[in-house]
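Results of the structural survey
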Amino acid sequence: MVNKVILLGNLGKDPVVRRLENGTPVATFSLATSERYKDKEGNAQEKTEWHNIVLWRGLAEVAEKYLHKGDKIYVEGKLTTRSYEQEGVKKYLTEIVGETMTMLSSKPAGGGGSNLPPPPMEEPVYVKNNTTSSKSVAEDVPPAPETDDLPF
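Parameters at a glance
- Each chain has its residues counted from 1, following the order in which its sequence is written.
- In keeping with the model being predicted, local features are shown solely for residues with a pLDDT of at least 70 and side-chain atom pairs are shown and tallied solely at 80 or more, while totals for entire chains, interfaces and linings include all residues.
- To obtain the side-chain values, all non-hydrogen atoms of the structure were included, while hydrogens and water were left out.
- Only DSSP runs of H or I reaching four residues or more are called helices, and only runs of E reaching two or more are called strands; each is numbered from the N terminus.
- Here's how the labels work: a residue is buried when its accessible area is under 20% of the maximum for its type, exposed when over 50%, partly exposed in between, all with a 1.4 Å probe on protein chains only.
- Between two residues, a contact is recorded if the distance between any of their heavy atoms is within 4.5 Å.
- Each accessible area is a Shrake-Rupley estimate made with a 1.4 Å probe; only the visible protein chains count as cover when residues are assessed.
- Salt-bridge detection follows one rule: a side-chain nitrogen of Lys or Arg within 4 Å of a carboxyl oxygen of Asp or Glu.
- Within this scheme, the nonpolar core is defined by two criteria: the residues are buried Ala, Val, Leu, Ile, Met, Phe, Trp, Tyr or Cys, and they are joined through side-chain atoms within 4.5 Å.
- Pairing of N or O atoms within 3.5 Å defines a polar contact, subject to two protein rules: one partner must be a possible hydrogen donor and the other a possible acceptor, and residues neighboring in sequence count only if both atoms are side-chain atoms.
- The predictor's confidence in any single residue is recorded as pLDDT, a number from 0 to 100.

1. Considering the overall build of the chain
Of the regular secondary structure elements, the chain holds one helix and eight strands. Going from N to C terminus, the chain has its helices and strands arranged as β-β-β-β-α-β-β-β-β. The burial tally for the chain puts 30% of its 152 residues in the buried class. Partitioning the contacts of the chain with sequence separation of at least 6, the portion at a separation of at least 24 is 58%. Carbon and sulfur atoms make up 49% of the accessible area of the chain, which amounts to about 10600 Å² in all.

2. Description of the pattern of salt bridges
Oppositely charged side chains may form a pair once their charged atoms are brought near each other. This model, assessed by the stated rule, comprises five salt bridges. Between Arg19 and Glu64 there is a salt bridge, with its nearest N and O atoms 3.2 Å apart. Taken as a pair, Arg19 in strand β2 (residues 16-19) and Glu64 in helix α1 (residues 57-66) lie far apart in primary sequence, 45 residues in all. Relative accessible area serves as the criterion here: at 36%, Glu64 is assigned to the partly exposed category. A salt bridge links Arg82 to Glu95; the shortest N-O distance between them is 3.0 Å. With Arg82 in strand β5 (residues 72-86) and Glu95 in strand β6 (residues 89-103), the pair connects residues that are 13 residues apart, well separated along the chain.

3. Focus: the nonpolar core
Counting 18 residues, the largest nonpolar core has Phe29, Ile53, Leu55, Leu67, Ile73 and Met101 as its most contacted members. Sorting the residues of this core by element identifies β1 (5-11), β3 (25-38), β4 (44-56), α1, β5 and β6 as the ones contributing at least two each. Per-element accounting of this core gives the leading share, four residues, to α1.

4. Overview of the side chain of Glu76
Assignment of secondary structure puts Glu76 in strand β5. When residues no more than four places from it in sequence are discounted, the contact partners of Glu76 are Lys4, Val5, Ile6, Val97, Gly98, Glu99 and Thr100.

5. A word on the side chain of Thr24
Take Thr24: it is sitting in the loop between β2 and β3. Accessibility expressed as a relative area gives 15% for Thr24, which makes it buried. Within the structure, the side chain of Thr24 is placed 2.8 Å from the side chain of Asn22, a separation counted as a polar contact. Leave out the neighbours within four places in its chain, and Thr24 touches Arg18, Arg19, Trp56 and Arg57.

6. Concerning the confidence of the model for the chain
Of the residues in the chain, 70% have a pLDDT of 70 or more, and the chain-wide mean is 80. Across residues 130-150 the pLDDT falls below 50, and counting only partners more than four positions away or on other chains, this stretch makes 23 contacts in the model.

7. Details of the environment of Asp14
Positionally, Asp14 belongs in the loop between β1 and β2. For Asp14, a relative accessible area of 35% puts it in the partly exposed group. Taking the C-alpha atoms as reference, Asp14 lies 6.7 Å from Leu67; in sequence the two are 53 residues apart. Here the side chain of Asp14 touches Lys69 through a polar contact of 2.7 Å, landing on its backbone nitrogen.

Have a look at this one:
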């Protein structure tokens, strides 16, 4: 069985980072993906989907330092659903738990948040959670070749 989600989109808001009692950081934010198509009459249409993203440990720390509203990122992860109770009503929330993330924005789009300088962005920054440690690992993965015929 496979549970894999791949998203390329823009942050809808700055990440919210909280720390669990044991100090483990967790970042949450919304990510917008858009699809462009032509309707039956030939008119250009655009449909935007919003995704709830959750990043843990090292990825959460990277998100806290470098991600801002409007930034473009690539996320790979798994789809999860959890439930909670609010005023006696059971509610469900579907989220993507990110396992890897690539920051694609060439400059900060949000302009706020951190006083730290942004990372150098000549090439995309690849980050992957290391499941045996709470630290993130930067990978020496070459960027994907640029092509203009992408379907999005």
